[in-house]
Each structure stands twice: as C-alpha cells, then as structure tokens.
Amino acid sequence: MQRKLEIPGRTKPYVMAHRGNRVQCPENTLVAFRQAFKDGADILETDLHLSKDGKFICIHDDTVDRTTDRNGRIEDLTSMEIKQASAFNHMPGFEEERIPLLEETTAVLPENVALALELKSDCFLEEKFCRQLVGELNDAGVLERTIVLSFNMTRILTVHKIAADMPIGLITMQRIIPPSQVDMVGPFFPILWLNPFYLRVAHERGLLVCPLDTVPETRLKHYLKMDCDAIITDNSAVTCQAVQDLLPTIHHTKGK
C-alpha cells in the first residue's frame, strides 16, 4: 500500500524549511537545518547531488561556486574535497560551516521532523544510486518520514521502483492539472490562481499540495483558506509564527 507523508504529532499545513532557514543562516548547512528545527519547521527540505566518490551531498547547485569559497562541480570532487570548502555563502560569521553529507543531515534530524529530498542529479535516473539512497535512509532510521521530490518525474519514479511505498512529489512550473502518479505536488503558486479547482482535484486524487512559493507571507492567508497541506519557506521562523497567528482566524471564519 502506498504510504502518505504523515507526521505524527504535527498538524497541517506543515511548514517546510527550504534548504533550512536560509535567511538567517547559509543555505543547506547544519546550522541552517538546526535553526529550522528551532523555528518549529515540520519538514526539512534539502537538495541532493552525488560526489565523485559516491557520497550524497546536500547542496542545491551542481557546483560549489556560488555558496562556498571554492570552485568545481560536485560530480568531479570527492567528499573530502567538498568538505574543505567553507559553505558560508558570503554571510559573515559562518566561515566554519561546511556542506553536509546526507548522513550528517539525517543524524541531526529530530524524530518528529520529516525530510524532503529534492533530487538534483541525473544519477537518480540509475537504479543503483536510488537503491543506495533508499538503503542509506533506511539505515539512518528516517526512511519512513522521507519524501523525494524533483522537477524531473523520471527521477522520482526510479526511486519508486526501488521503494514502492515511498512518497514521491513532483515540483512543476507549468502543469496546471495535478498529476496522478505522485503523492505530493508543488505547483508554482500562480497555477493555483490560473486553475481555481487545482486544490480540489489534487485532494480528490489523494495528493498533498505545497505551493512553490518560498516567500509565502503575502499569500499565506490564501493558502490556509485553500487548505494547502504544506507551506515551503526560506524563513521558517517568520512562516511558523505567521501560520500560528493566522490559523485560529481562518478556522473561526470557516466555522461560521
């Protein structure tokens, strides 16, 4: 039976910390992840590439150029070489931060926080690497609360071949009709206005909806009224507080 992303003890809409709290801290670093946990995020979202020596690396770009003091493509660098770079992302005071391996990320993940992994590399088109990923998540004890995401349907479907009950999610900039092969969909937020029936159709198909809108505050009230299942954000501190402040008002209005 297909498993849905449900987080015991947490209520929807889930707040998904996009690369951790990347406003207060350098993105995709352990300090950014820990800040998101402190903020109250329900889901940690991070990105995955594969290093030259076959380690899963939590970084968005396919190079270290933008966020570190080094240069080079992730696939051409060993994990040791990647670890030598400062992942401070030009934010003073964070020079000692390093790009985390997936195993380091899962090691700090609290038991009541889910993990969303965006698959950024075409290595995930190969079953052997998907099998490696599933095995690593299982060994870390986080497989049951992990969802894999991508703009590329084939990547997540390849993971699905290896772990048929693992939740998968499609991120899309263009599809105005919810897909049927996935468990979660992340439509670019204007799609929800282009297709006012999007949420209803998605929920009828059993999909969770998380609008692709990493600065959601100006539209947050609309997302809550629409019954979006998750809210992604660059600043988990601000969004978690805003959700707490707005939800009682939304529930009161709906109850009338």
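Not measured: the values here are computed from a predicted model.

## Observations regarding the overall build of the protein
1) Next: In terms of helices and strands, the protein carries 9 helices and 9 strands.
2) Next: Rg of the C-alpha trace for the protein: 18 Å, near the compact-globule value of 18 Å for 256 residues, within the 12% margin.
3) Next: Taken over the C-alpha atoms alone, the protein extends approximately 60 × 40 × 35 Å along its principal axes.
4) Next: Here the protein holds 256 residues, and 55% of them are scored as buried.
5) Next: Considering only contacts within the protein whose residues lie at least 6 apart along the sequence, 57% involve residues at least 24 apart.
6) Next: Put simply, the protein shows about 11,600 Å² of open surface, and 52% of that area lies on carbon and sulfur atoms.
7) Next: When the 29 positive and 36 negative side-chain charges of the protein are each reduced to one mean point, those points stand 5 Å apart.

## Side note on the layout of surface pockets
1) Next: In this structure, the largest pocket spans a volume of roughly 220 Å³.
2) Next: In terms of lining, the largest pocket is formed by 19 residues, of which the most central are Glu45, Glu118, Ile171, Leu212 and Ile232.
3) Next: At the level of secondary structure, the elements contributing two or more residues to the lining of the largest pocket comprise strand 1 (14–18), strand 6 (168–172) and strand 7 (184–187).
4) Next: Class assignment for the residues of the lining of the largest pocket results in 11 nonpolar, 4 polar and 4 charged.
5) Next: The space that makes up the second largest pocket amounts to roughly 150 Å³.
6) Next: The leading source of residues in the lining of the second largest pocket is helix 9 (residues 236–254), at 4 residues.
7) Next: Its residues assigned to classes, the lining of the second largest pocket comprises 5 nonpolar, 3 polar and 3 charged.

## Examining the packing of helix 4 (residues 127–139) against helix 5 (residues 153–162)
Two measures define how a pair of helices packs: the angle their axes make with one another and the distance between the axes.
1) Next: Where helix 4 contacts helix 5, the axes come no closer than 9 Å and their chain directions differ by 65 degrees. By the angle class used here, helix 4 and helix 5 are roughly perpendicular. Relative to helix 5, helix 4 is oriented so that their crossing is right-handed. Note on element contacts: helix 5 touches helix 4 through Thr158, Val159, Lys161 and Ile162, opposite Glu127, Cys130, Arg131 and Val134.

## Regarding the packing of aromatic side chains
1) Next: As enumerated under the stated definition, the model contains 3 aromatic pairs in all.
2) Next: Summarising the aromatic geometry, the rings of Phe188 and Phe189 are spaced 5.3 Å apart at their centres and angled 65 degrees between planes, so their arrangement reads as edge-to-face.
3) Next: The class of Phe189 is buried, set by a relative accessible area of 18%.
4) Next: Just above the ring of Phe189 sits the side chain of Arg219; from NZ or CZ to the centre is 4.1 Å.

## Section: empty space enclosed by the protein
The gaps of empty space that remain are located by a probe, the size of a water molecule, rolled over the atoms.
1) Next: On inspection of all chains with the given rule, the structure shows 3 cavities of 30 Å³ or more.
2) Next: The space that makes up the largest cavity amounts to roughly 40 Å³.
3) Next: Taken together, Glu27, Asn28, Cys58, Ile59, His60, Thr67, Ala87 and Ile99 make up the full set of residues lining the largest cavity.
4) Next: A class-by-class count of the residues in the lining of the largest cavity yields 4 nonpolar, 3 polar and 1 charged.

## A short note on the state of the cysteines
1) Next: Scanning all chains against the criterion turns up 0 disulfides.
2) Next: Note on Cys130: no disulfide assigned, nearest cysteine sulfur contributed by Cys123 at a separation of 7.3 Å.
3) Next: Of all cysteine sulfurs in the structure, the one in Cys210 sits closest to Cys228, which takes part in no disulfide; the separation is 7.9 Å.

## Observations concerning the environment of Met80
1) Next: Note on placement: Met80 falls in helix 2 (residues 79–83).
2) Next: On the basis of relative accessible area, Met80 is assigned to the exposed category, the value being 62%.
3) Next: Sequence separation between Met80 and Lys55 is 25 residues; the distance between their C-alpha atoms is 10.0 Å.

Criteria and cut-off values
- Residues numbered from 1 in each chain as written.
- Predicted model: local features only at pLDDT ≥ 70, side-chain atom pairs only at ≥ 80, totals over all residues.
- Heavy atoms only, no water.
- Helix = DSSP H or I, 4+ residues; strand = E, 2+ residues; numbered from the N terminus.
- Rg over C-alpha atoms; globule rule 2.2 N^0.38 Å.
- Buried < 20%, exposed > 50% of the residue type's maximum accessible area, 1.4 Å probe, protein only.
- Contact = heavy atoms within 4.5 Å.
- Areas by Shrake-Rupley, 256 points an atom, 1.4 Å probe, with all protein chains shown as cover.
- Lys, Arg positive; Asp, Glu negative; His and termini not counted.
- Charge placed at Lys NZ, Arg CZ, Asp CG, Glu CD.
- 1 Å grid on protein atoms, 1.4 Å probe; cavity = no way out; pocket = protein on both sides within 12 Å on 5 of 7 lines; lining within 4 Å.
- Points joined across faces, edges and corners; volume = space filled by probe spheres on them.
- Nonpolar A, V, L, I, M, F, W, Y, C, P; charged D, E, K, R; others polar.
- Axes fitted to C-alpha atoms, helices over the stretch in contact; angles between N-to-C directions.
- Parallel < 35°, antiparallel > 145°, perpendicular 65-115°, else oblique.
- Left-handed = near helix turned anticlockwise from the far one by under 90°.
- Phe/Tyr/Trp six-rings, centres within 6.5 Å; stacked < 30°, edge-to-face > 60°.
- Lys NZ or Arg CZ within 6 Å of the ring centre and 35° of its normal.
- Disulfide = S-S within 2.5 Å.

Note that all results are geometric; they support no functional claim without further evidence.
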